[in-house]
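# Residue-level structure breakdown
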Amino acid sequence: MPENDHYVIIGNGPAGNHAAATLRQKDKDAKITIISDECVPYYYKPRLTDFIAGEIAKEDLMVNFQDVKDIRIRCGQAVKRIDPDSKLLFLQHMEKIEFSKLIIASGSRARVLPTMSGYADHLKFVTSYTDVMEYKEEIRKAENFFIFGGDLVGFKFFKMLNSMDKTVTIMIDPDAFWPYRLTRDMLEQISENLLKFNTEIIVKDEVLSIDRQNGSYRVKTRKGIEKNVDMVLSFNGLNPNIEFAKGSGIDIDYGILVDEYLKTNVDGIYACGSCAQIYNQAIKSYTTSIGWPNAVVQGEVAALNLLGDHKIIESVGQKYFDLEGVKIKTTWWEDINEDNDA
Amino acid sequence: MKDINIVIEICGSAGEGTISAGEITSRFMSSQGFEIMSFDSYPAEIRGFGKCVAHTRISSRQIYSPGKLADVLIALNDKHAISQLSTLKENGILIYDSQPARPHKEDESVAGWAKPGMISYGIPLNMLAHKASGNARGMNMVALGALAALFYVDKSPFTDSIKTRYAKKKQIVIDSNVNSFLEGYNWTKENIKKIDPHSFKDITLPKPKEKLIINGNQLVARAALDADLSFYAGYPITPATKIMEILSRELPKHGGVLLQTEDEISAIGAVIGAGFGGKRAMTATSGPGFALMTEFTGLSVMAEVPAVIINSQRAGPSTGIPTKTEQSDFNSAVLGGTGDCPRIVLAPADTKSCYEATVLALYLAEKYQTLVVVLLDFFLSNSIRNINIPEKPSSEYLDANIAPDKNDFKDYQRYKITKNGISPRAIPGTPGGMFFSTGLEHDAYGRPNYSEAGHTAMTQKRFAKFNTVLTEAPAPEISANDRDEFDIGVISWGSSAGAAHEAVMSAQKEGINASSFSSMMLSPFPEKALIDFSDKCKKILIPELNFSGQFAGFATRILKRSVERLNFITGRPMASEDILQKMREM
Ligand SMILES: Cc1cc2nc3c(=O)[nH]c(=O)nc-3n(C[C@H](O)[C@H](O)[C@H](O)COP(=O)(O)OP(=O)(O)OC[C@H]3O[C@@H](n4cnc5c(N)ncnc54)[C@H](O)[C@@H]3O)c2cc1C
């Protein structure tokens, strides 16, 4: 074992960084490592759309988070497997890392539904900087888009395309808002309000097939609508990144299962942010939390509890998110535009 | 069309194909019309398995320096590449082996040390090499395949360059290398999400003229052969050995003789002997060898015997660091030795001028009957450029001896006092042209003579040669010379001159009114040109690769003004970025 404790955090998002900063604040001597599979410093995911639209530069995407001090940040290194018994992490590039305690803050990525399997190869997902760097130029050059799903990120993306004068067809699926379902009333209200954007809206339909033809895509829906577009993007909610935890003995469902203290079933291993499924005493069930502010608070609480505290996690504020004129009660999403929310 | 300006470093252990991968990259890029400058560093030990780095700068424009930091680091060996990460740009690209033969212990993988902001692409180099050829040898080619795929480089001309590189090998070797390249290319195309901005897509440069891909040492040897060298004596020493290696093969084919002596003292002795006998003769060495030759260099000057010494400088003193570059033999070449000893010293500024300097050295030595030193350095000796094929020297450069005419033989004075200091030289064996020759001070017949007047006259005669030598050398290179005034003038010499020139061009783009001055001729030095240049400059900066500012001290004595110095002894070539930074601070 290392001489000092080695706290390892999987994830370089808000949950991971706030966990790391809290650990450092409370334990000056410990060795702390953040691991991220992305090759980029800590950045604001919520600003990715502005970055694609060219409204902000790369520097403005980066979080200037001074509290992360004397912490080794391993970027571009994916965790492949965890062995809680030997307290080892196995990285994709075949390096082993010993830890004494672990916080999993691996966030989430685009949800691909089983129904999409026939055409998933033709879909683009934008949930990370890496995705953006891969598609940025293509998005800028393309003229016609087909967006389907329509979760919070999807609507943000739609507005961005609109501001870039792109032609967009949007197909709203009430399930896209996963893990919460939009009601029929909400759906209707949203589509009505979206009309002001002068865009084509498709509801109560589903994608049947997507084919590639001469550099563009032909989308066909069950109700017989056919569209020729340059890009098809899917926004059907997010799925926690937990593959590396499978088979490790850490309890998982669709996220990493943790109690109200954000502790997993394994001693010394915690999870927080959008990869975690947190037990809620009130409803006697697990809920996932998405959104920046929750990730921040959860990162801090996970770190404190890892160091011996007993803090119960609570959701951040009660907010109503304005989804195209429809008030949706969330406790997990906030407009992130200013630096003060780091 | 957008510009390409990119530095690629390949880092591995000796024997891992690092240098050949660099060479193939350079050849390929050159064949596509790019300017290339590449530079390898390898272990100091004569035999070793240490770290090798092949550094290549590729540009769609003219380049003058190798570039300090890399845009891409290809890691063929994790241990060595970890230390090389310090020269990768903040947003640089790391290409590493994601499936090594054995798992890494903690902290032993280069991927683990990539800094946030760097882009790492893990490619299963070892696995793909095995797939292509059954062993790990092709890892370097897999990496090149990955690089080509990442940067949208056309694969078929690249594979042609691989075939050319291994053309003399068995077909199986060629196939293994090409297959490894293609494995890397295809795997990367299918599996890597590209997030860096580099791309060679749609970049087509005019079909290049036939180019030589060559380093300074090779050019020195080529120039010597083209300039009718007929005798070479030497003792091997890094970084000059290659010159001797080439000449040992080629000189006999040209009817010449190469002699490997037991040490450098013998080597210069033999060269002076051959020169005395009327042959074009030279030797090549490095600092320690040059130090041994010092006593004999005085003989060449005193007895007025042509001799050429190529001194490729390395880090010193003493045996120092054989495989690191430095410019610290300025003093010993220009000022060293015994007595008032006027010698000609030339310092080429880039690879191309290594040819020019060698031809000129053999010509000047013969014409002025004296010692000519050509100062190269490790970087110039080894860095590779793609250059136009140099024009062969014209006949006047090939037969420069000013021979006595019949009338002279009536009373032949080998050391006759003349206005330009050159006394017609009879080659031993010429009927009527017998003379004395000695390292002692002498009279016009060569007979020892220690008189006050004689020593004064003879010293003046030897120095008088300097007056005309300067008119035969290329004029100093001065940028933006049409302007009347500069805020900063950068004066440099040898291999630092390219970096200085590039820094000045960048500074001008930033609005700094600057100019650069460099002279191939170090001794005699074009003092008037230097003073005229200095008079136009508010501030003077002298960058050089030595600790004590040897040239800056020399220039200060001429200019009688203070200058800013910028000195590095890192063993790496001068970086234009460092000069530019200093200029911004001035
Ligand atoms: C385009 C977009 C816009 C958004 N806009 C808003 C908004 O306006 N307001 C709001 O409140 N929220 C918004 N969100 C959601 C918000 O960004 C997330 O809820 C928040 O980032 C979650 O934080 P986290 O730390 O849990 O996970 P993340 O920020 O997702 O970070 C996860 C980290 O884990 C790393 N990781 C994952 N798997 C591995 C692995 N195997 N090995 C190593 N590292 C791994 C990732 O590289 C990453 O560093 C938006 C999201 C997106 C994609």
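Residues numbered from 1 in each chain as written. Chains lettered and ligands numbered in written order. Predicted model: local features only at pLDDT ≥ 70, side-chain atom pairs only at ≥ 80, totals over all residues. Heavy atoms only, no water.

### Comments concerning the overall build of chain A
Secondary structure assignment for chain A yields seven helices and 22 strands. Taking all 342 residues of chain A together, 56% fall into the buried category. Looking at chain A alone, contacts between residues at least 24 apart form 61% of all its contacts between residues at least 6 apart. As displayed, chain A has an accessible area near 15200 Å², and 45% of this comes from carbon and sulfur atoms. (Helix = DSSP H or I, 4+ residues; strand = E, 2+ residues; numbered from the N terminus. Buried < 20%, exposed > 50% of the residue type's maximum accessible area, 1.4 Å probe, protein only. Contact = heavy atoms within 4.5 Å. Areas by Shrake-Rupley, 256 points an atom, 1.4 Å probe, with all protein chains shown as cover.)

### Points about the interface of chain A and chain B
Chain A puts 22 residues into the contact, and the matching count from chain B is 24 residues. The junction of chain A with chain B conceals about 1900 Å² of combined surface from both sides, 51% of it contributed by carbon and sulfur atoms. Sorting the residues of chain A by area buried against chain B places A:Cys39, A:His93 and A:Met94 first, and these three jointly supply 32% of that buried surface. Linking chain A with chain B are five salt bridges. In this structure, B:Asp107 and A:Arg74 form a salt bridge, with 3.1 Å as the shortest nitrogen-oxygen distance. Counting every contact that joins chain A to chain B gives ten residue pairs in polar contact (both at pLDDT 80 or more). Mapped onto the side of chain A that touches chain B, the elements with two or more residues apiece are β3 (72-74), β6 (96-98) and α4 (129-141) of chain A. Among the elements that take part in the side of chain A that touches chain B, α4(A) stands out by supplying four residues, more than any other. (Buried area = accessible area lost by both parts, 1.4 Å probe. Salt bridge = Lys/Arg side-chain N within 4 Å of Asp/Glu carboxyl O. Polar contact = N/O pair within 3.5 Å; in protein donor to acceptor, adjacent residues only side chain to side chain.)

### Digging into the sheet that holds strand β6 (residues 119-123) of chain B
Paired through their backbone hydrogen bonds, the strands of a sheet run either parallel or antiparallel. Residues and elements named next belong to chain B. Read from one edge to the other, the open sheet built from eight strands follows the order β6-β5-β4-β1-β3-β2-β14-β7, with strand pairing classed as mixed. Each of the sheet's edge strands pairs with one partner strand only, and the pair in question is β6 and β7 (211-215). Geometrically, the sheet is characterised by an average inter-axis angle of 20° between neighbouring strands, direction not taken into account. One ladder, built from seven bridges, connects strand β2 (residues 35-41) with strand β3 (residues 51-59); its direction is antiparallel. From the neighbouring strand, Ser38 faces β3, where its bridge partner is Thr56. The sheet contacts of helix α1 (residues 18-31) involve β1 (5-13), β2, β3, β7 and β14 (384-388), and relative to β3 the element is tilted by about 10°. (Pairing = 2+ DSSP bridges. Axes fitted to C-alpha atoms, helices over the stretch in contact; angles between N-to-C directions.)

### Focus: the domain arrangement of chain A
Residue and element names in this part refer to chain A. Domain annotation for chain A reports domain 1 (6-107 + 241-329) and domain 2 (110-238). Summarising the inter-unit geometry, the C-alpha centres of domain 1 and domain 2 are found 28 Å apart. Both sides together, the interface formed by domain 1 and domain 2 hides about 2200 Å², and carbon and sulfur atoms give 72% of it. One can count zero salt bridges joining domain 1 with domain 2. Remark: the boundary between domain 1 and domain 2 carries eight residue pairs in polar contact (both at pLDDT 80 or more). Contributions of two or more residues to the side of domain 1 that touches domain 2 are made by α2 (48-52), α3 (58-61), β21 (319-323) and β22 (326-330). The leading source of residues in the side of domain 1 that touches domain 2 is α2, at four residues. Partitioning the side of domain 1 that touches domain 2 into residue classes produces 14 nonpolar, four polar and five charged. (Domains from an automatic or database assignment. Nonpolar A, V, L, I, M, F, W, Y, C, P; charged D, E, K, R; others polar.)

### Regarding helix α17 (residues 550-559) of chain B
All names here are of chain B. Of all ten residues in α17, eight are buried; the element is thus mostly enclosed. For α17, every residue scored as buried is listed here: Gln550, Phe551, Ala552, Gly553, Phe554, Ala555, Ile558 and Leu559. Turning to α17, the residues buried within the fold contact α11 (330-335), β16 (486-492), β18 (521-523), α16 (527-536), β19 (537-544) and β20 (564-567). Two residues or fewer after α17 comes Lys560, characterised by a positive phi angle close to 55°.

### Here we look at the pairing of strand β2 (residues 31-35) of chain A
All names here are of chain A. The element β2 is largely enclosed, with a buried count of four among its five residues. Relative to β2, strand β1 (residues 6-10) runs parallel, the two being bridged by five bridges. Looking at β2, one finds that Tyr7 is bridged to Ile32. For the segment spanning β1, helix α1 (residues 14-26) and β2, crossover handedness is right-handed. For β2 and β3, the ladder comprises three bridges, and the chain directions are parallel. Counted as the bridge partner of Thr33 is Arg72 from β3. (Right-handed = clockwise from strand over helix to strand, strands pointing away.)

### Topic: the pairing of strand β5 (residues 88-97) of chain B
Residues and elements named next belong to chain B. β5 sits mainly inside the fold: seven of its ten residues count as buried. Once the chain exits strand β4 (residues 70-75) it traverses helix α2 (residues 78-84) before rejoining the sheet at β5, and the crossover so formed is right-handed. Sheet topology places β5 next to β6; five bridges connect them, and they run parallel. Looking at the pairing, Tyr96 lines up with Gly122 of β6.

### Looking at α4(A)
Residue and element names in this part refer to chain A. Its 13 residues give α4 an end-to-end C-alpha distance of 18 Å, which sits within 8% of 18 Å, the value for a rise of 1.5 Å per residue. Of all the bends in α4, the largest measures some 50° and sits at Tyr135. Among the residues of α4, Tyr129, Thr130, Asp131, Val132, Tyr135, Lys136 and Ile139 are the ones counted as buried. On the buried face of α4, the contacting elements are α2, α3, β9 (144-149), α5 (152-163) and β15 (231-235). (Expected span 1.5 Å × (residues − 1). Bend = angle between axes of the 7 residues up to and from the residue.)

### Comments concerning the nonpolar core
With 52 residues, the main nonpolar core has A:Ile9, A:Ile82, A:Leu89, A:Leu102, A:Ile103 and A:Ile104 as its most contacted residues. With seven residues, the single largest contributor to this core is helix α7 (residues 292-306) of chain A. The contacts of A:Leu102, once residues within four sequence positions are left out, are A:Val8, A:Ile10, A:Ile82, A:Leu89, A:Gly268, A:Ile269, A:Tyr270 and A:Leu306. With 49 residues, the next largest nonpolar core counts B:Ile4, B:Leu128, B:Val142 and B:Phe158 among its residues. (Core = buried A, V, L, I, M, F, W, Y, C linked by side-chain atoms within 4.5 Å.)

### Overview of the state of the cysteines
One covalent bond between the sulfur atoms of two cysteine residues makes up a disulfide. Residues and elements named next belong to chain A. All chains considered together, the criterion is met by zero disulfides over all chains. A disulfide-free cysteine, Cys75 has its sulfur positioned 7.0 Å from the sulfur of Cys39, the nearest such atom. Look at Cys75 and you get buried, because its relative accessible area is 1%. The thiol of Cys275 is unpaired, and the distance to the nearest cysteine sulfur, on Cys272, comes to 6.3 Å. With a relative accessible area of 0%, Cys275 lands in the buried category. (Disulfide = S-S within 2.5 Å.)

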